[in-house]
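# Structure assessment
Okay, here's what each chain looks like letter by letter:
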Amino acid sequence: MKSAVETLNPTRVRLTVEVPFEELKDSLDAAYKKINQQVTVKGFRKGKIPARVIDQRFGRGAVLEEAVNDALPKFYTEAVNEAELNPLGQPEVDITELKDGETLNFTAEVDVRPALEIPDYSGIEVEVDAVEVTDEDIEKSVEQLRERFASTSPVERAAQDGDVVTIDLEAKVDGEVLEDGIANGVSYTIGSGELLDGIDDAVKGLEAGGEATFTSELKGGSAAGKEAEVTVKVSQVAARELPALDDEFAQLASEFDTLDELKADSRKRLANMKQFDQATQAQERVLEKLLELVEVPVPEKLLEDEINTRKHNLEHHQLGQMGLTLDKYLEIQGKTAEEFDTETRDAAVKGIKTQFVLDELVKKENLNVNQEELTEHLMRRAASSGMSPDQFAQAVVEGGQVPLLVGEVARGKALAVVVEAATVKDTNGEIVDLDDEEEETEAAEASETSEENAEG
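Taking an unreviewed UniProt entry as the reference, the chain is identified by name as Trigger factor belonging to Streptomyces filipinensis. In its Function (unreviewed entry) section, the UniProt record describing the chain reads: "Involved in protein export. Acts as a chaperone by maintaining the newly synthesized protein in an open conformation. Functions as a peptidyl-prolyl cis-trans isomerase." Quoted verbatim from the Sequence similarities (unreviewed entry) heading of the UniProt record, the comment on the chain is "Belongs to the FKBP-type PPIase family. Tig subfamily."

If you want it as structure tokens, here you go:
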């Protein structure tokens, strides 16, 4: 077999392959054997029909077609390996010449990973938010905890903001009560925004036994997205009472004995959270700078497939679970279809470029993934998917996804190398020192976010 490679553009090549006929012998033998098992000829036992009889009865062309179909993948793979290509997706194969007893010639066009030149990235500089925990942050945190321990008690007065009302709801569309449009004994905190638009104004000012009717667009159910006439009846009004902010509250709501200790712990936790956010921000901004340094051509077919995959996942998985159509989602987001298409395309381009660049860095820096790193990554992915580690690991192995996970970890390590070499300053002008272990974890998550669903 002889092969040659022609570069059509930075992301696509054409392989020209010439196969001497004798190299088709194994595939021809397999073709005769397969046809033997599928047909019957009077006077011959099944599977014992001579090749000349098959040629006479069914045509030599049928045998050649079967043999070529069997042989093409093997010769294509040999040509790819010989040229040291990194193909993306399936090739477009064209048989240019097939002479019985002489030769098989074919071409195969396929997208390939572009050759990338990673420049010196040590000069990257980014700015991130400073880690500052204010007294206001502490008060807000403690207040949220206080809200969780609030109690309620019925009151004989009109409902107002912050009250918890027990209500019955009835929704009508075009004058007809919906089958799933009745709900009784619903507990609702006025001002929470957890139910229908307009309900807060409807129930405020009502006492127990009072009712009101308002118009609202239904968010779910059989008539999702339609305007409905909703009748709400209040059966109880209860005032929320917050516990006093003192040492007794600290003992009730935490493992601490005093309010001061509780606030000190809140300050520490908030600082850790902001450091986590700061590290994530650093990864994302370093990645943006890195992508700006590298010229990355993107294969059009790969990009098209990636865009379609993102749209499919959004429409049929994420929005489907929420009971929303794409049109309704865009309306809620205040976006046009054109804006959505542009954003999806930009995100797909970034995802593909991220994967290409980080994979190139993995090779350049000779980065490897050990079992411990893979296990830690699997645990994080399992937690985010809502599955147990064992369930997730089983799904990964059965789906042949282990190499993908290894790739994710390796790309995270590659980004961590770049971040370590970069200069990261906060908005106060101070150098930010990111912990190496956290750096790799954050980098893995940052690179996954950017390349989400990217193929290749």
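This part is about the nonpolar core. Residues Ile124, Val286, Leu290, Val357 and Leu361 are the most contacted members of the largest nonpolar core, which totals 37 residues. Elements with a minimum of two residues in this core: strand S5 (125–128), helix H7 (259–293), helix H8 (300–322), helix H10 (337–364) and helix H13 (402–421). Ranked by the residues each element gives to this core, the list is headed by H10, at eight residues. Leave out the neighbours within four places in its chain, and Leu361 touches Ile118, Tyr121, Leu290, Ala414 and Val418.

Residues at a pLDDT of 70 or more form 95% of the chain, whose mean pLDDT is 89. Mean pLDDT across the secondary structure elements of the chain bottoms out at helix H14 (residues 436–451), with 54, and peaks at S5, with 96. Here residues 452–456 is a poorly scored stretch, pLDDT under 50, and it has 15 contacts once near neighbours within four places are set aside; other chains count.

Attention now goes to the environment of Thr11. One can find Thr11 in the loop between strand S1 (2–9) and strand S2 (12–20). C-alpha of Thr11 to C-alpha of Pro297: the two residues are 286 residues apart in sequence and 6.8 Å apart in space. Residues in contact with Thr11, not counting those within four places in the same chain, are Val110, Asp111, Val112, Pro114, Pro297, Val298 and Pro299.

Quick look at the packing of H7 against H10 now. Close contact between H7 and H10 brings their axes to 10 Å; oriented N to C, the two are set at 85 degrees. On the basis of their axis angle, the class for H7 and H10 is roughly perpendicular. Between H7, through Leu287, Glu288, Leu290 and Leu291, and H10, the contact on the second element is made entirely by Lys350, Lys353, Thr354, Val357, Leu358 and Leu361. In terms of residue class, the contact of H7 with H10 is made up of six nonpolar, one polar and three charged.

Taken together, Val93, Ile95 and Leu98 make up a surface patch of nonpolar side chains, about 210 Å² in accessible area. The residue Leu98 is located in strand S3 (residues 87–99) in this model. Taking relative accessible area as the criterion, Leu98 reaches 35% and is therefore assigned partly exposed.

Let's shift gears to the pattern of salt bridges. For the structure shown, the criterion picks out 31 salt bridges. In this structure, the salt-bridge partner of Asp29 is Lys25, at a minimum N-O distance of 2.9 Å. One end of the pair is Asp29 and the other is Lys25, both in helix H1 (residues 25–38) and four residues apart, which spans about a single turn. Its salt-bridge partner being Lys274, residue Asp137 comes within 3.0 Å of it at the nearest N-O pair. Taken together, the residues Asp137 in helix H4 (residues 135–148) and Lys274 in helix H7 connect sequence positions 137 residues apart. Within this structure, Glu6, Arg12, Arg14, Glu92, Glu109 and Asp111 form a network of salt bridges that share partners.

Overall, antiparallel pairing links the four strands, which are arranged S1-S2-S4-S3 in an open sheet. A strand with exactly one partner marks an edge of an open sheet, and here the two such strands are S1 and S3. Direction aside, the axes of adjacent strands within the sheet are offset by 20 degrees on average. Here helix H3 (residues 60–83) sits on the sheet and contacts S1, S2, S3 and strand S4 (103–112); the angle it forms with S3, its principal contact strand, is near 125 degrees.

Here we come to the environment of Ile49. Relative to the assigned elements, Ile49 resides in the loop between H1 and helix H2 (51–58). Given a relative accessible area of 5%, Ile49 falls into the buried group. For the pair Ile49 and Asp180, spaced 131 residues apart in sequence, the C-alpha separation works out to 68 Å. Every residue in contact with Ile49, bar those within four places of it in the chain, is listed here: Asn36, Val39, Val41, Phe44 and Ile54.

Before going further, it helps to examine H4. Here H4 spans 20 Å end to end across 14 residues, near enough to the 20 Å set by a 1.5 Å rise per residue. Within the sequence span of H4, burial applies to Ile138, Ser141, Val142, Leu145 and Arg146. Along the axis of H4, the buried residues cluster in a sector spanning 140 degrees; they form a single face. For H4, the exposed residues lying more than 90 degrees away from the buried face are Glu136 and Lys140. Where the residues of H4 are buried, they touch helix H6 (247–253) and H7.

A few words on unusual backbone geometry. A positive phi angle is found at Asp174, which is not glycine, with a value near 55 degrees. You can call Asp174 exposed: its relative accessible area is 74%. Notably, Asn366 is not glycine yet its phi reads approximately 55 degrees, a positive angle. Within the secondary structure, Asn366 is located in the loop between H10 and helix H11 (371–385).

Turning to the pairing of S4, a few remarks are in order. Of all 10 residues in S4, nine are buried; the element is thus mostly enclosed. Here nine bridges tie S3 to S4, and the two strands are oriented antiparallel to one another. Looking at the pairing, Asp94 lines up with Thr107 of S4. In sequence, S3 turns back onto S4 through a hairpin of three residues, with Gly101 there showing a positive phi of about 85 degrees.

The rules behind these values
- Residues numbered from 1 in each chain as written.
- Predicted model: local features only at pLDDT ≥ 70, side-chain atom pairs only at ≥ 80, totals over all residues.
- Heavy atoms only, no water.
- UniProt positions renumbered as here; feature names shortened; annotations may be inferred.
- Core = buried A, V, L, I, M, F, W, Y, C linked by side-chain atoms within 4.5 Å.
- Buried < 20%, exposed > 50% of the residue type's maximum accessible area, 1.4 Å probe, protein only.
- Helix = DSSP H or I, 4+ residues; strand = E, 2+ residues; numbered from the N terminus.
- Contact = heavy atoms within 4.5 Å.
- pLDDT = per-residue confidence, 0-100.
- Axes fitted to C-alpha atoms, helices over the stretch in contact; angles between N-to-C directions.
- Parallel < 35°, antiparallel > 145°, perpendicular 65-115°, else oblique.
- Nonpolar A, V, L, I, M, F, W, Y, C, P; charged D, E, K, R; others polar.
- Patch = residues over 30% accessible without salt bridge, like charges linked within 9 Å, V, L, I, M, F, W, Y side chains within 5 Å.
- Areas by Shrake-Rupley, 256 points an atom, 1.4 Å probe, with all protein chains shown as cover.
- Salt bridge = Lys/Arg side-chain N within 4 Å of Asp/Glu carboxyl O.
- Pairing = 2+ DSSP bridges.
- Expected span 1.5 Å × (residues − 1).
- Arc of directions from axis to C-beta.

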